[in-house]
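# Summary of the model geometry
Residue-level listing of the chains:
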Amino acid sequence: VLMILCVRALCGSLSVCKFNQDICQMTDLLYTEKDLVTSLKEYIIQEENKLEKVKEWAGKLDSLTITATQDPEGYLGHPVNAFKLMKRLNSEWADLESLVLKDTTNGFISNLTLQRQFFPTDEDQTGAAKALLRLQDTYQLSAYTISNGDLPGVVHKSQMTVADCFELGKIAYSEADYYHTELWMAQALTQLDEGEESTIDKVTVMDYLSYAIYQQGELERALELTKRMLKLDPNHQRANGNLKYFEFQLEKQRKAESEKKEQEDKKKEKKVLDKRDAQRKRSKDPLPERKKYEMLCRGEGIKLTPRRQSRLFCRYFDNNRNPRLLLAPVKQEDEWDRPRIVRYHDIISDSEIMTVKELAKPRLRRATISNPTTGVLETAPYRISKSAWLSGYEHSTIEKINQRIEDITGLEMDTAEELQVANYGVGGQYEPHFDFGRKDEPDAFKELGTGNRIATWLFYMSDVSAGGATVFTDVGAAVWPKKGTAVFWYNLFASGEGDYSTRHAACPVLVGNKWVSNKWIHERGQEFRRPCDISENE
């Protein structure tokens, strides 16, 4: 319990937050779960003969939590572990509580009731499920691959049960996401067909699966599944009603198809692609470049021509003989030419990273964006991460980091925003966006009074096992996280006009844990450091 209290002191109060795939607060959940298991085992000692089922439950979770707490970040870096942790604490522990409530005087119930205030909610469990679905789409992973735990860079392999797959399918179903409902109900059915024991029966799974398939326009498959259901349960009321309806609709469809057979054949060839596109239309996906964004996240970006590649170099950089860089120039590498994106290697030390993370962890809150209309900071569904802001006045390390950025860029830091530290857990992302305020957003940074964001400096404070790239969707560039490095680019041309080619995104973390910190540098104070140019795009 003392260990849990210490972790809570570091990560902040869980009772007033949402988890949003934040590793720090989800690590706290592991210790909470471990404490519950310990309490449960003490209860079993007193009631072992009476509660044999409870003893089996504790045995299963005991080994799991011991392994998990030995390497919490590595364990939670696996998306299935993160989802199952949410599912266990939100759903399965509640079932166990009902089982033992007959004796409310025992220590286990008291401890469980006490810890429940820190448990994730239905919203948190849904968020964990959506993170898995987001990863599945972005990295083109099959339900089998995820269920089997075969992900790149995985240390703590974890497999999904029929119940896990079914729960994921149900969450997709509740969102009218029939594309993912089909994928996960089909996986649950496959695992049942292969002999896995589960409290979920085949008829229940097929009921969801047939409806999801029907909603996507595949009447023949829906009819086949319905007939299979009725062989298992001839008296299933909904299946009997659906059988007649599907047969009637299929007959109508066949008559229509006979008139347009050639066109329908072409549509069938594109069925796999069209099903996901149709789901996007149903969900009114607001992101026009999603396909390109996801391709870049998978490493399928535009390759520079040999001519352009030949213009990219590595060099030691002292920014025109800056006194602080003369004896220790920094390692600069060109990542992209238009817009110019440069990476600095070995630019932040491990000890500095540790200090920044320790300062940030107690303050981590759901990351915000600037409302383009009002300029007010607010949360958004397309930015899934936790962030904190650190000032140079509060710690010498932050002051040194700010000075280092100023020395390298030559830009004034007094008018820059505070250092923002962000943690992207599994599935954490920030969809394509601009850092600068566009012409139709005149009040984007009005409250700051320092003008537009002229440039962005981004530190990578961790390596990421898989995923987590920074991608520039307009030009096809992808920059991959590497601990101790930083990337820098200008958001505005010297004329003050926005560079629209800097539209970028943080890809979802597939496996691992991504820590970054960034400095948004503003126009005010740069008048003599980066003089204006009359050319609009120079």
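Structure report, in brief. Just so you know, these numbers come straight off a predicted model, no measurement behind them.

Moving on, we come to the overall build of the protein. Helix and strand counts for the protein stand at 19 helices and 18 strands. A total of 538 residues make up the protein; the buried ones form 55% of that total. When contacts within the protein are restricted to residue pairs at least 6 apart in sequence, long-range pairs at least 24 apart make up 72% of them. On the protein, roughly 25,800 Å² of surface is accessible, and the fraction owed to carbon and sulfur atoms is 51%.

What follows deals with the state of the cysteines. On inspection of all chains with the given rule, the structure shows 1 disulfide. Covalent S-S linkage joins Cys297 and Cys507, the inter-sulfur distance amounting to 2.0 Å. Judged by the sign of its S-S torsion, about -85°, the cystine formed by Cys297 and Cys507 is left-handed. Of this pair, Cys297 sits in helix 16 (residues 290-297) while Cys507 is found in the loop between strand 16 (504-506) and strand 17 (509-511), placing the two residues 210 residues apart along the sequence. The pair formed by Cys297 and Cys507 is uniform in burial state, with each residue classed as buried.

Below, the discussion takes up the pattern of salt bridges. For the structure on display, the rule yields 32 salt bridges. Residues Glu497 and Lys439 are paired through a salt bridge, measuring 3.3 Å at the closest nitrogen-oxygen approach. Here Lys439 lies in the loop between strand 10 (429-433) and strand 11 (453-460) and Glu497 lies in the loop between strand 15 (485-490) and strand 16, a separation of 58 residues in the sequence. The exposure class assigned to Glu497 is partly exposed, which follows from its relative accessible area of 24%. The exposed category is assigned to Lys439, whose relative accessible area is 67%.

Turning our attention to the nonpolar core. Residues Leu40, Trp93, Phe108 and Met160 are the most contacted members of the largest nonpolar core, which totals 78 residues. Aside from chain neighbours lying at most four places away, what touches Met160 is Val80, Phe83, Lys84, Leu132, Ile146, Ser147, Cys165, Leu168, Trp184 and Gln191. Of all hydrophobic cores here, the second largest spans 36 residues; its members include Ala388, Met413, Ala416 and Phe436.

Where helix 6 (residues 107-115) is concerned, the buried positions are Phe108, Ile109, Asn111, Leu112 and Gln115. In an axial view of helix 6, the angular spread of the buried residues amounts to 165°, which keeps them on one side of the axis.

Before going further, it helps to spend a moment on the packing of helix 11 (residues 202-215) against helix 12 (residues 219-232). Running from N to C, helix 11 and helix 12 cross one another at 165°; their axes reach a closest spacing of 8 Å. It follows from the interaxial angle that helix 11 and helix 12 lie roughly antiparallel. Here the hand of the crossing between helix 11 and helix 12 comes out left-handed. Contacts from Lys202, Val203, Met206, Asp207, Leu209, Ser210, Ile213 and Tyr214 of helix 11 reach helix 12 at Leu219, Arg221, Ala222, Leu225, Thr226, Arg228, Met229 and Leu232. Grouping the amino acids of the contact of helix 11 with helix 12 by side-chain chemistry returns 10 nonpolar, 2 polar and 4 charged.

Looking now at the pairing of strand 10. Regular strands show a simple pattern: their side chains alternate between the two faces of the sheet. Summarising burial for strand 10: 5 of the 5 residues are buried, a large majority. Note that strand 10 and strand 16 share 2 bridges and pair antiparallel. Opposite His433, over in strand 16, you have His504 as the bridge partner.

Cis geometry marks the peptide bond from Arg338 to Pro339, where omega comes out at 0°. By secondary structure assignment, the location of Pro339 is in the loop between strand 2 (330-336) and strand 3 (341-345). In this model, Ala176 sits at a positive phi of 60°, which is unusual for a non-glycine residue. Judged by its relative accessible area of 33%, Ala176 falls in the partly exposed class.

In this section: the packing of helix 2 (residues 23-47) against helix 3 (residues 52-70). Where helix 2 meets helix 3, the closest approach of the two axes is 9 Å, and the angle between their N-to-C directions is 145°. The way helix 2 lies across helix 3 gives a crossing that is left-handed. Taken together, the residues of helix 3 that come into contact with helix 2 (itself represented by Leu30, Tyr31, Glu33, Lys34, Val37, Leu40, Lys41 and Ile44) are Val54, Lys55, Trp57, Ala58, Leu61, Asp62, Thr65, Ala68 and Thr69. Here the contact of helix 2 with helix 3 is composed, by residue class, of 10 nonpolar, 2 polar and 5 charged.

Before going further, it helps to spend a moment on the environment of Arg116. The residue Arg116 is located in the loop between helix 6 and helix 7 (122-138) in this model. For the pair Arg116 and Asn90, spaced 26 residues apart in sequence, the C-alpha to C-alpha distance is 9.4 Å. Not counting the four nearest positions on each side in its chain, Arg116 is found in contact with Trp93, Ala94 and Glu97.

A word on the environment of Gly425. Looking at the element boundaries, Gly425 is found in the loop between strand 9 (419-424) and strand 10. When the C-alpha atoms of Gly425 and Pro508 are compared, they prove to be 8.6 Å apart, with 83 residues separating the residues in sequence.

This part covers the packing of aromatic side chains. Evaluated as defined, the whole model comprises 21 aromatic pairs. Pairwise contacts between aromatic rings join Phe166, Tyr173, Tyr178, Tyr208, Tyr211, Tyr214, Tyr245 and Phe246 into one cluster. Sitting over the ring of Tyr424, Lys514 keeps its end group 5.1 Å from the ring centre.

Parameters and conventions
- Residues numbered from 1 in each chain as written.
- Predicted model: local features only at pLDDT ≥ 70, side-chain atom pairs only at ≥ 80, totals over all residues.
- Heavy atoms only, no water.
- Helix = DSSP H or I, 4+ residues; strand = E, 2+ residues; numbered from the N terminus.
- Buried < 20%, exposed > 50% of the residue type's maximum accessible area, 1.4 Å probe, protein only.
- Contact = heavy atoms within 4.5 Å.
- Areas by Shrake-Rupley, 256 points an atom, 1.4 Å probe, with all protein chains shown as cover.
- Disulfide = S-S within 2.5 Å.
- Salt bridge = Lys/Arg side-chain N within 4 Å of Asp/Glu carboxyl O.
- Core = buried A, V, L, I, M, F, W, Y, C linked by side-chain atoms within 4.5 Å.
- Arc of directions from axis to C-beta.
- Axes fitted to C-alpha atoms, helices over the stretch in contact; angles between N-to-C directions.
- Parallel < 35°, antiparallel > 145°, perpendicular 65-115°, else oblique.
- Left-handed = near helix turned anticlockwise from the far one by under 90°.
- Nonpolar A, V, L, I, M, F, W, Y, C, P; charged D, E, K, R; others polar.
- Pairing = 2+ DSSP bridges.
- Phe/Tyr/Trp six-rings, centres within 6.5 Å; stacked < 30°, edge-to-face > 60°.
- Lys NZ or Arg CZ within 6 Å of the ring centre and 35° of its normal.

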